[in-house]
Amino acid sequence: MGMTNDKQLHWGIVGPGRIAEKVVEDFRLVPGAIPVAVASRSADRAADFARRHGLQRSYGSYAEIVADPDVDVLYIATPHPQHHAIALAGLRAGKALLIEKSFTATVPGAEQIIDLARSTGTFVMEAMWTRFQPAIVELRRLIDDGAIGQVRQVQADLGVDRPFDPADRLFDPAQGGGALLDLGVYVVSFAQYLLGNPTTVTATGSLAPTGVDLEVGLLLGYDDGRAATLLGSLRNPTPGQARIFGTGGWIDVLPRFHHPSTFVLHRNGSEPETVSREPLGGGYAHELIEVTDRVLAGATESEIMPLADTLAVQRILNGASEQLGVRHTEDATVQV
Ligand SMILES: NC(=O)c1ccc[n+]([C@@H]2O[C@H](COP(=O)([O-])OP(=O)(O)OC[C@H]3O[C@@H](n4cnc5c(N)ncnc54)[C@H](OP(=O)(O)O)[C@@H]3O)[C@@H](O)[C@H]2O)c1
């Protein structure tokens, strides 16, 4: 990698859409990380993004940023089925990767990226920013410390009232639309973080006219009786709350649980304790810090968002999709 001597990591942004607009703002809060380049399918869009955010270089194709030897890490912010081809090309060029959630559109797609990352010894992480929020880090510390005893059950919901538009990424099958891959990924990753990998996944829900999942309810089951009940919807708003129930109490993660600043710890027999931890910037700085620190330290994975967890989450999401009759594919037409 073209890493500079002063321990700085040069980042390239792929797909200057809505989330890239937000994430790029948080680089200023990340020591050692410099966003240097952006790539779009359109040279004009890339140039406009680079000018507005002060990036040195812009490219009108994804192939050009992959070939840029002065880019160490790619942040892939295209829609889910367009992650796979860019990720594989990036790994072949020796780039570390931060890949937006959902990691891929399919389980085989995720497996191919993970296999290539491991065989080349290259760092890859899913951009599941929830796990790096200061409130979630503290919540996890308290749980590991036994604050609510043994975790037995998890509830989480994430719903938005999104007007139906067949061209919108969220409703377009070609862009990996549907509630599961966009919102379900948060509730599933949260449950997986606290309970591990389920032995059964049961999904119910409804489909949009384009055939993608509109509403989804999930029951994750564990052999020893633990369970998670999870909701996601593009049809109706929900508070975006999570609850973790243990043998010694429970925790309410106040909305929205996927980037919270406050949770309430209820220890059995004690008054509730309110714990607040504000995120930095837009809340994306923490995942950028994780990648920057880990890559500079020579690691190939994050211990907080390891690839085994990403793959487990992807299996749950795609298994649930198939129960609803939704079959995703990776985009084989991406030019990279
Ligand atoms: N972490 C979060 O909070 C968060 C929030 C929202 C979304 N996301 C994730 O980030 C990814 C992008 O979401 P977004 O809302 O930013 O999407 P978006 O606004 O539609 O932007 C996606 C960008 O991807 C590029 N692209 C490449 N191939 C494309 C294709 N075939 N169709 C459409 N666009 C294509 C486009 O840029 P060019 O054409 O200019 O290259 C487009 O601007 C998704 O995986 C999503 O789940 C994460």
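These numbers were taken from a predicted model, which means no experiment stands behind them.

Criteria and thresholds
In this convention, every chain numbers its residues from 1, walking through the sequence in written order. In keeping with the model being predicted, local features are shown solely for residues with a pLDDT of at least 70 and side-chain atom pairs are shown and tallied solely at 80 or more, while totals for entire chains, interfaces and linings include all residues. With hydrogens and water set aside, each side-chain value is computed from the structure's full complement of heavy atoms. Cavity and pocket criteria rest on a 1 Å grid covering protein atoms alone: a 1.4 Å probe that fits but cannot get out defines a cavity, protein on both sides within 12 Å along at least 5 of 7 lines defines an open pocket, and an atom within 4 Å of a point defines a lining residue. Grid points are joined across faces, edges and corners, and a volume is the space filled by probe spheres set on the points. The helix and strand labels rest on DSSP assignments: H or I over at least four residues marks a helix, E over at least two residues marks a strand, and numbering proceeds from the N terminus. Classes in brief: Ala, Val, Leu, Ile, Met, Phe, Trp, Tyr, Cys and Pro nonpolar; Asp, Glu, Lys and Arg charged; the others, Gly included, polar. For the purposes of this description, domain bounds are those given by an automatic or database domain assignment. In what follows, residue pairs with any heavy atoms lying within 4.5 Å of each other are defined as contacts. A 1.4 Å probe defines the accessible area here, and the buried area is the portion of it lost by two parts on being joined, summed over both. The term salt bridge refers to a side-chain nitrogen of Lys or Arg lying within 4 Å of a carboxyl oxygen of Asp or Glu. Counted as a polar contact is a pair of N or O atoms within 3.5 Å, where, for protein atoms, one must be capable of donating a hydrogen and the other of accepting one, and residues adjacent in sequence contribute only when both atoms are in side chains.

It is worth spelling out the layout of surface pockets at this point. Put simply, the largest pocket is a space of about 1,200 Å³. As for the largest pocket, its lining consists of 41 residues, and the residues nearest its centre are R18, I19, A77, R169 and D182. Contributions of two or more residues to the lining of the largest pocket are made by α1 (18–23) and α7 (179–195). Classifying every residue of the lining of the largest pocket gives 16 nonpolar, 13 polar and 12 charged. In this structure, the lining of the largest pocket is formed jointly by two domains, domain 1 (9–129 + 284–300) and domain 2 (134–276), each of which donates at least three residues. Taken as a whole, the second largest pocket holds about 160 Å³ of empty space. In this structure, the second largest pocket is lined by P81, Q82, P173, A174, G211, V212, V326, R327, H328, T329, E330 and D331. Grouping the constituent residues of the lining of the second largest pocket by class yields five nonpolar, four polar and three charged.

Glancing now at the domain arrangement of the protein. In terms of domains, the protein is made up of domain 1 (9–129 + 284–300) and domain 2 (134–276). Domain 1 puts 13 residues into the contact, and the matching count from domain 2 is 14 residues. Interface area, domain 1 with domain 2, both sides summed: about 1,100 Å², of which 56% is carbon and sulfur. When the buried area of domain 1 at its contact with domain 2 is split by residue, H80, M128 and W129 rank highest and sum to 41% of it. Put simply, domain 1 and domain 2 have one salt bridge between them. One salt bridge connects K101 with D182, and the closest N-O pair in it is separated by 3.8 Å. Remark: the boundary between domain 1 and domain 2 carries four residue pairs in polar contact (both at pLDDT 80 or more). Partitioning the side of domain 1 that touches domain 2 into residue classes produces five nonpolar, five polar and three charged.

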